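In case you want the letters, here they are:
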Amino acid sequence: MRKLLMCLLFLLPAWLCAADFVDSMRGPVPLDQTTQPPAMANTDNSDVRRARNYAMQPPVVPHKVDGYQLDKNANKCMMCHARTRTQESQAPMISVTHFQDRDGNFLAELSPRRYFCMQCHVPQADLKPLVGNDFVDVDAMLNKPAAQPKKK
Ligand code: HEC
Ligand code: HEC
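On a predicted model such as this, the values are computed, not experimentally measured, just so you know.

(A) Quick look at the overall build of the protein chain. Scanning the protein chain from N- to C-terminus turns up 4 helices and 0 strands. The N-to-C order of helical and strand elements in the protein chain reads α-α-α-α. Out of the 152 residues in the protein chain, the part that is buried amounts to 2%. For the protein chain, the proportion of contacts with a sequence separation of at least 24, taken over those separated by at least 6, is 40%.

Encoded structure:
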């Protein structure tokens, strides 16, 4: 009897917590139930290149990539973004860093570690962000009036 009571004492709160837990990405759906995924977003296809938030940011993709094959057999992105294709496509060339291996040596071709473009470059959609963000652009930071030194 004592054992049973102890069990209840410990298990009950855990069970209650699990039922109350809300993950902002999942919404108010209990963990033991499957969520209803949101409708697929209509991604930006404006062809307008967006400013980067910091110098080393992988630029976001300003065009649709639906149905582009990107696997071990073919890389659709390189059909326009490869060095030899840009004159015809008028797409910006993959940058020099994409030809470098991890030790900084330059290769003749796209480095394997840059093969899967969408690890880093993603299309954009006009959606409500899932998580908060208080990122401040470095330019905004530099333009902020300097804090006045404390008077003695
Ligand atoms: C049919 C040619 C074509 C294909 C295929 C293509 N792109 Fe593009 N991409 C362009 C062009 C042209 C631009 C310049 C802006 C525009 O016109 O959309 C561009 C722009 C971009 C940019 C923005 C660069 C910047 O400096 O802002 C990124 C990132 C990009 N593409 C990534 C990709 C990825 C990733 C894929 C494969 C999933 C891909 N592209 C496939 C033609 C292409
Ligand atoms: C591991 C992350 C990563 C992968 C994978 C990757 N890129 Fe990038 N890409 C970046 C970063 C970071 C930059 C910006 C800094 C730089 O130039 O390296 C960039 C820059 C670019 C640019 C802009 C070049 C310029 O000079 O304006 C294009 C276009 C681009 N990438 C296309 C591609 C394509 C196409 C692929 C796939 C074949 C690819 N990238 C794979 C990280 C990545």
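(B) Seen up close, the site of ligand 1. Around ligand 1, 21 residues are found, and the nearest of them are Arg49, Pro59, Cys77, Cys80 and Ala91. The element best represented in the shell around ligand 1 is helix H2 (residues 78-81), accounting for 3 residues. Of the residues in the shell around ligand 1, the class split is 13 nonpolar, 5 polar and 3 charged.

(C) Structural context of the environment of methionine 93. By secondary structure assignment, the location of methionine 93 is in the loop between helix H3 (86-89) and helix H4 (138-143). Residues methionine 93 and cysteine 80 lie 13 residues apart in sequence; the distance between their C-alpha atoms is 8.1 Å. Residues in contact with methionine 93, not counting those within four places in the same chain, are His81, Arg83 and Thr86.

About the thresholds
Residue numbers restart at each chain and count upward from 1, following the sequence in its written direction. For this description, chains carry letters from A and ligands carry numbers from 1, given in the order in which they are written. Residue-level local features of this predicted model are given only where pLDDT is at least 70; pairs of side-chain atoms are given and counted only at 80 or more, and the full residue set underlies all totals for whole chains, interfaces and linings. Counting from the N terminus, the helices are DSSP H or I runs at least four residues long and the strands are E runs at least two residues long. Partly exposed residues are those whose C-beta has more than 12 but fewer than 20 other C-beta atoms within 10 Å; with 20 or more the residue is buried, with 12 or fewer it is exposed, and the C-beta atoms are placed from the backbone. Throughout, a pair of residues is in contact if the C-beta atoms placed from their backbones lie within 7 Å. For each residue, a C-beta position is placed from the backbone atoms; the residue is near a molecule or strand when that point lies within 6 Å of it. Polar here means any residue other than Ala, Val, Leu, Ile, Met, Phe, Trp, Tyr, Cys and Pro, which are nonpolar, and Asp, Glu, Lys and Arg, which are charged; Gly is therefore polar.

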